[in-house]
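# Chains, contacts and geometry: an overview
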Amino acid sequence: MSSETSAPAPLPDLGPAAAELTRLLEGVRDEQLEVPTPCPAYVLRDLLSHIAGLSVAFRDAAHKEFVPSTSTAPGSVRPPAPAGDWRKSMPENLAAMADAWRDPAAWEGETQAGGLTFPAAIAGRVALDELVVHGWDVARASGQTYRPAPVDLEVSYGLLAPSKDDPAARGTAFGPAVDVPHEAPMLDRLIGMSGRDPGWAH
């Protein structure tokens, strides 16, 4: 009698989410940098700074580099305004971040991000979730259409759903989950799970 074993689920690929966020960055106009975003503390310029920082932090996390980019707690230091060449540097850093997580070794063992040490397999999914949710933030703030990959929404939702009713597990990165009908599109459900109103507009 032969026994069958199921193949392990493929590791998430951060490339599509990074590419979609890059597309959105290309559509941001200079006069939009001071508009509000779904992140109450950030105008769009601040959000771009945050994304610029996390792209470097999670690239370094994939390489298991315990350096200031990975050891600094989120929110403890306000990110500097994006440098004048951000339209060039941010896409490069997002691509490098995605490429770093294509190495299977990046998902093994433990790593550090946001000043915390935790399993790399979780860190990679957190990195993907950051790209997906902040992609929506940028799209809403700049009035663009958002086209995330369905598989990325599923991975991000699976990451956040267990913490819905556990403030300790959500930490300070996410506000209380916003109730969204179960029959709503997965993107709306994910955005609600992240503590945002899917109907947000400015």
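Above this text you will find the structure in question.
Rules of the game
Residues numbered from 1 in each chain as written. Predicted model: local features only at pLDDT ≥ 70, side-chain atom pairs only at ≥ 80, totals over all residues. Heavy atoms only, no water. Buried < 20%, exposed > 50% of the residue type's maximum accessible area, 1.4 Å probe, protein only. Helix = DSSP H or I, 4+ residues; strand = E, 2+ residues; numbered from the N terminus. Arc of directions from axis to C-beta. Salt bridge = Lys/Arg side-chain N within 4 Å of Asp/Glu carboxyl O. Pairing = 2+ DSSP bridges. Phe/Tyr/Trp six-rings, centres within 6.5 Å; stacked < 30°, edge-to-face > 60°. Lys NZ or Arg CZ within 6 Å of the ring centre and 35° of its normal. Lys, Arg positive; Asp, Glu negative; His and termini not counted. Contact = heavy atoms within 4.5 Å. Axes fitted to C-alpha atoms, helices over the stretch in contact; angles between N-to-C directions. Parallel < 35°, antiparallel > 145°, perpendicular 65-115°, else oblique. Left-handed = near helix turned anticlockwise from the far one by under 90°. Nonpolar A, V, L, I, M, F, W, Y, C, P; charged D, E, K, R; others polar.

### Some thoughts on helix α6 (residues 150-160)
Within the sequence span of α6, burial applies to Asp152, Leu153, Ser156, Tyr157 and Leu160. Each buried residue of α6 lies within a common arc of 130° when the element is viewed along its axis, so the set occupies one face.

### Here we look at the pattern of salt bridges
A complete count under the given rule lists nine salt bridges for this structure. Between Arg45 and Glu34 there is a salt bridge; the shortest N-O distance is 2.6 Å. With Arg45 in helix α2 (residues 44-62) and Glu34 in the loop between α1 (15-26) and α2, the pair connects residues that are 11 residues apart, well separated along the chain. Here the salt bridges do not stand alone but share partners, grouping Asp13, Asp99 and Arg102 into one network.

### Digging into the pairing of strand β1 (residues 110-113)
Here β1 pairs with strand β2 (residues 116-119) via four bridges, running antiparallel. Its bridge partner being in β2, Ala113 is matched across the sheet by Leu116. Between the end of β1 and the start of β2, which pair antiparallel, lie two residues, with Gly114 showing a positive phi angle near 60°.

### Remarks on the packing of aromatic side chains
Applying the stated criterion to the full structure yields one aromatic pair. Consider the rings of Trp101 and Trp107, whose centres lie 5.0 Å apart with planes at 70°: the pair is edge-to-face. Here Trp101 matches Trp107 in class, with each residue buried. Of note, Arg189 hangs over the ring of Tyr157, and the distance from its end group to the ring centre comes to 5.0 Å.

### Side note on the side chain of Glu130
Tracing the sequence through the fold places Glu130 in helix α5 (residues 120-142). Although Glu130 is buried, it forms no salt bridge, and the closest oppositely charged side chain is Arg196 at an N-O distance of 7.1 Å. With sequence-adjacent residues up to four places away left out, Glu130 is seen in contact with His50, Leu54, Phe58 and Gly135.

### Section: the packing of α1 against α5
Their axes nearest at 9 Å, the elements α1 and α5 cross at an angle of 20°. One way to sum up the angle between α1 and α5 is to call them roughly parallel. The two elements α1 and α5 meet at a crossing, and its hand is left-handed. Across the interface between the two elements, Ala17, Ala18, Leu21 and Leu24 of α1 pack against Leu128, Leu131, Val132, His134, Gly135, Val138 and Ala139 of α5. For the contact of α1 with α5, the per-class residue count stands at nine nonpolar, two polar and no charged.

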